[in-house]
Each structure stands twice: as structure tokens, then as C-alpha cells.
Amino acid sequence: MSAVHSNISIFVPHIGCPNKCSFCNQRYITGVCKAPRTKDVAEAVALAKKSPKFDPGTTEIAFFGGSFTAINRNYMTDLLDEAYEFVKNGDVSGIRISTRPDAIDEEILEILKNKGVTAIELGAQSLVARVLKMNNRGHTAQDVVNASRLIKEHGFELGLQIMTGLYADSDEGAIKTAKKVIEIKPDTVRIYPTIVLKDTDLGALYDDGKYKPQSLGEAVELAARLYTMFTEAGIRVIRLGLHSIEEKAYLSGPWHPAFSELCQSQIMLNKALKQLGEKGKYIIFVNKSDVSKMIGQKKSNILHLETNGFYCKVKAKEGIKNLELQIEREV
């Protein structure tokens with residue numbers, strides 16, 4: 001059986017959220033502006049089952065894209081009832097939802113539990129009060145803490161989504177958020193760099209010269225640092241960067257189709273620099289899937305190491321875990 005988790009993603013557009021956050025235009029992020037119907041759930045499952053890699057034991061139906069527990073209650077339960085049928089018959093292992101921290105309470109959690117939901121992801125974005133306020137999030141950092149506690153107490157898997165490069169934020173603010181997330185102890189985290197989209201408040205701030213987005217390099221370096229903090233704390237990072245955006249919507253910011261790979265390459269470089277001793281020639285052994293990440297795009301990591309006096313070859317070796325490495329001095 002495959003150990004790789006997968007989602008059958010069903011996007012619920014911006015119909016439940018009471019706020020328009022500075023950065024948000026769900027249509028441009030998901031490409032979806034039409035609310036899904038119950039039959040869309042069945043069609044999505046049927047399509048997923050045609051894949052030769054489909055594994056019921058590691059697949060969940062995932063309602064993403066909006067504030068799921070803030071939508072009309074009857075509509076929410078209709079979607080969940082349809083999805084739960086596939087849990088009960090063994091087609092999928094569970095249901096995952098994403099929602100706002102201030103749209104969670106005891107009553108909602110009881111409904112979700114009875115409808116087969118197994119994991120809840122909260123769009124925290126930041127745990128710095130000023131950043132939340134300046135980006136019109138409409139909830140507080142304490143709302144994130146309170147909702148996370150309730151979710152864990154009710155036995156759900158907890159995921160938190162955070163953003164870097166938000167308006168009024170800084171690297172120090174993102175590190176502060178990461179430390180508070182670690183205190184909450186979620187099961188999973190997603191890290192998204194802020195992208196400036198058309199028809200958003202952030203887009204207007206950018207056009208007026210009042211907001212400067214991260215460069216790609218800055219976003220990669222910070223996300224790699226946050227990734228390391230989370231993984232060292234035993235928290236799985238399940239996403240680095242947005243899946244996709246509509247090209248016509250993009251104004252500015254660190255968008256890259258291989259953002260996750262760039263981050264993982266930076267993580268490998270950071271680990272190599274930490275472990276290398278005296279200047280000289282070395283062999284860096286990695287998992288075979290990480291050879292290109294250690295080398296870096298256009299040999300960027302190898303060239304960076306050379307500028308610091310380390311002349312390295314990268315080789316695959318059995319038994320080394322992903323994003324780990326072993327270094328030996330070349331004789």
C-alpha cells in the first residue's frame with residue numbers, strides 16, 4: 001500500500017467568509033467561482049478512482065478554498081452527507097476541511113465528527129496581532145489558539161496554514177508566528193508566501209507603493225527556515241507554496257511553479273553548510289530523490305559551496321531519509 005497521502009480536492013469559493021482579507025481573491029487562486037453541488041463530490045471521487053495510483057486507505061475528500069464551517073449550515077451538511085457515503089463504503093479514508101479559526105465551536109465540531117470529518121485545517125496566516133488587523137483577517141491570535149485546542153480535544157487531526165511576507169509583517173514576525181504554532185502543536189502545517197493578485201486590497205497597496213512583496217530568494221530562505229523549525233519540533237509540513245494561480249491575475253510576489261523544490265534545495269544547502277568542517281573536498285550522500293535538490297537549480301548549491309571553499313560531489317546512497325544527508329571527506 002502506498003504511504004503517500006492524497007486529497008480529492010473540492011473547492012468551496014468565497015461564500016462563507018465574513019471578511020475580505022487584504023491578499024485574498026479565491027477565484028484567482030482556485031480558478032473556481034461556482035459553488036460545488038453534491039453531485040460534484042461523487043463525480044470527483046469517480047474521477048480520482050480511475051487513477052492507477054488511487055489508494056482508498058490514504059485518500060481523503062478535502063473541502064478547500066473557503067471557510068467551510070461558515071457557509072450555510074444545510075448546504076454544509078448536504079456536502080458532508082454526500083462525502084460521508086464514500087467514507088462509509090471504504091472509497092476514501094476520511095474527510096478534510098479548511099476553515100477560519102473564528103468559525104469553530106463545540107456545536108460545529110460535533111456535526112463534523114458525526115459526518116466523518118477526520119482533519120481540520122485552520123487558516124491562521126499569522127499569530128501577530130498587528131499583522132492580522134492590518135490584513136483584515138477578522139479574527140485574533142487567541143481565536144487560533146482556542147479553536148486549535150477544541151479541535152484537538154475532539155480528536156481531529158489539526159492543520160494550521162501560515163503565510164509569509166504579509167502586509168505589515170517581517171521575517172521576525174514570521175518566526176514569532178512559527179514559535180507560537182509550535183506551542184500549539186498541530187499535526188501539520190502549510191506555508192504559503194504572499195502573492196499579490198489583482199482585485200485585492202493588497203494589490204491596491206502594491207500599486208500605491210505601500211507594500212513591497214518578498215523576492216523569490218527571500219521567500220525561499222524564510223520558508224526553508226520555518227520548515228526546519230517545524231520538522232525539528234515533530235510537525236509535518238505538507239505544503240510549501242500555492243498549487244497554482246491564474247497567470248492573468250498575478251501582479252507581483254514570489255510565485256514559482258517549483259517553489260517547494262526551491263525550498264527543499266535551500267534546506268539541503270543549509271544542512272550541508274552546518275555539517276561541513278574545514279575547507280576542502282567532500283562527498284555529500286543523499287537519498288536518490290534528493291540528488292538534484294542538493295545540487296540546486298543550475299548547480300546553485302554546488303557553486304555556493306565552492307565560493308565558501310567546499311568542493312563537493314553529490315551521490316545517492318541507500319538508507320538516507322528524504323532531506324537528510326551524510327558528508328565524508330574525499331580522500
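Residues numbered from 1 in each chain as written. Predicted model: local features only at pLDDT ≥ 70, side-chain atom pairs only at ≥ 80, totals over all residues. Heavy atoms only, no water.

Enquirer: Which residues make up the overall build of the protein, and what values go with them?
Expert: Counting secondary structure elements, the protein contains 12 helices and 12 strands. Radius of gyration (C-alpha) of the protein: 21 Å, near the 20 Å computed for a compact globule of 331 residues. Projected onto the principal axes, the alpha-carbon positions of the protein cover approximately 70 × 50 × 40 Å. By the burial criterion, 51% of the 331 residues in the protein qualify as buried. Within the protein, residue pairs in contact and separated by at least 24 positions form 79% of the contacts whose partners lie at least 6 positions apart. With the model as given, the accessible surface of the protein reaches about 16100 Å², and the carbon-plus-sulfur share is 49%. (Helix = DSSP H or I, 4+ residues; strand = E, 2+ residues; numbered from the N terminus. Rg over C-alpha atoms; globule rule 2.2 N^0.38 Å. Buried < 20%, exposed > 50% of the residue type's maximum accessible area, 1.4 Å probe, protein only. Contact = heavy atoms within 4.5 Å. Areas by Shrake-Rupley, 256 points an atom, 1.4 Å probe, with all protein chains shown as cover.)

Enquirer: Got a sec to walk through the side chain of Asp290? Specific residues and values, please.
Expert: Within the element layout of this structure, Asp290 appears in the loop between strand E10 (280-286) and helix H11 (291-295). What Asp290 contacts, discounting residues up to four positions off in sequence, is Met268, Lys321, Asn322, Leu323 and Glu324.

Enquirer: If you had to explain a negative patch on the surface to someone new, which residues and values would you point to?
Expert: The grouping of Asp171, Glu172, Glu218 and Glu221 at the surface amounts to a negative patch. Elements with a contribution of two residues or more to the negative patch: helix H7 (171-184) and helix H9 (216-232). Along the chain, the position of Glu221 falls in helix H9. (Patch = residues over 30% accessible without salt bridge, like charges linked within 9 Å, V, L, I, M, F, W, Y side chains within 5 Å. Salt bridge = Lys/Arg side-chain N within 4 Å of Asp/Glu carboxyl O. Lys, Arg positive; Asp, Glu negative; His and termini not counted. Charge placed at Lys NZ, Arg CZ, Asp CG, Glu CD.)

Enquirer: Any chance you could break down the packing of aromatic side chains for me, citing the residues and the numbers?
Expert: Applying the stated criterion across every chain yields a total of three aromatic pairs. Ring geometry for Tyr282 against Phe310: centres 6.2 Å apart, planes inclined by 65°, an arrangement best described as edge-to-face. Taken together, the positions of Tyr282 in strand E10 and Phe310 in strand E11 (residues 310-316) put the pair 28 residues apart, joining distant regions of the chain. Over the ring of Phe156 we find Lys113; its NZ or CZ atom is 4.4 Å from the centre of that ring. Positioned above the aromatic ring of Phe285, the side-chain terminus of Lys317 is 5.1 Å from the ring centre. (Phe/Tyr/Trp six-rings, centres within 6.5 Å; stacked < 30°, edge-to-face > 60°. Lys NZ or Arg CZ within 6 Å of the ring centre and 35° of its normal.)

Enquirer: Quick one: what's the story with the sheet that holds E11, residue by residue and with numbers?
Expert: The sheet built from three strands is open, its strands ordered E11-E10-E12 with mixed pairing. The open sheet has two edge strands, E11 and strand E12 (325-329), and neither has a second partner. Going from strand to strand, the sheet's axes swing by 25° on average, the running direction of each strand aside. Pairing between E10 and E12: five bridges, direction antiparallel. (Pairing = 2+ DSSP bridges. Axes fitted to C-alpha atoms, helices over the stretch in contact; angles between N-to-C directions.)

Enquirer: Provide a residue-level description of the sheet that holds strand E2 (residues 59-64), including the pertinent values.
Expert: One open sheet accounts for seven strands, arranged E1-E2-E3-E4-E5-E6-E8; its pairing is parallel. Edge strands, defined here as strands with exactly one partner in the open sheet, are strand E1 (6-11) and strand E8 (236-240). Each adjacent strand pair in this sheet contributes to an overall mean axis angle of 25°, direction not counted. Strands in contact with H9 are strand E5 (157-164), strand E6 (188-193) and E8; relative to E6, the strand with the most contacts, it is inclined by about 170°.

Enquirer: Describe in detail unusual backbone geometry, supporting the description with residues and values.
Expert: A positive phi is found at Asp199, a non-glycine position, where the angle reads about 60°. Mapped onto the elements, Asp199 comes out in the loop between strand E7 (196-197) and helix H8 (201-207). Classification of Asp199 by relative accessible area gives exposed; the value is 55%. A positive phi angle, near 60°, is found at Leu323, a position not held by glycine. Along the polypeptide, Leu323 turns up in the loop between E11 and E12. Note on Leu323: relative accessible area 7%, which makes it buried.

Enquirer: Hey, could you go over the environment of Asn25 for me, with residue numbers and the actual values?
Expert: Residue placement: Asn25 occurs in the loop between E1 and helix H1 (26-30). Contacts of Asn25, omitting those with residues within four sequence positions, involve Leu197, Lys198, Asp199 and Thr200.

Enquirer: Now, about helix H4 (residues 106-114): what can you tell me, with residues and values included?
Expert: By the burial criterion, the buried members of H4 are Ile108, Leu109, Ile111 and Leu112. Along the long axis of H4, the arc covered by the buried residues comes to 160°, so they all point the same way. Projecting away from the buried face of H4 at angles above 90 degrees are the exposed residues Glu107 and Asn114. Looking at the buried positions of H4, the neighbouring elements they touch are helix H3 (73-88), strand E3 (94-99), strand E4 (117-125) and helix H6 (141-153). At the N-terminal boundary of H4, the capping side chain belongs to Asp105, with an oxygen 3.2 Å from the backbone nitrogen of Glu107. Residue Gly116 follows H4 closely and has a positive phi angle near 85°. (Arc of directions from axis to C-beta. Polar contact = N/O pair within 3.5 Å; in protein donor to acceptor, adjacent residues only side chain to side chain.)

Enquirer: So what about the nonpolar core? Which residues, and what values?
Expert: Inside soluble globular proteins, nonpolar side chains tend to come together where they are buried. Residues Phe63, Ile120 and Phe230 are the most contacted members of the largest nonpolar core, which totals 78 residues. Broken down by element, this core gets its largest block of residues, nine residues, from H9. Phe63 has contacts with Ile10, Val12, Val41, Phe68, Leu79, Leu80, Ala83, Ile95, Arg96, Ile97 and Ser98, leaving out every residue within four places of it along the chain. Among the nonpolar cores identified, the runner-up in size contains 18 residues, and Cys24, Tyr167, Leu202 and Leu242 belong to it. (Core = buried A, V, L, I, M, F, W, Y, C linked by side-chain atoms within 4.5 Å.)

Structural measurements only, silent on function.
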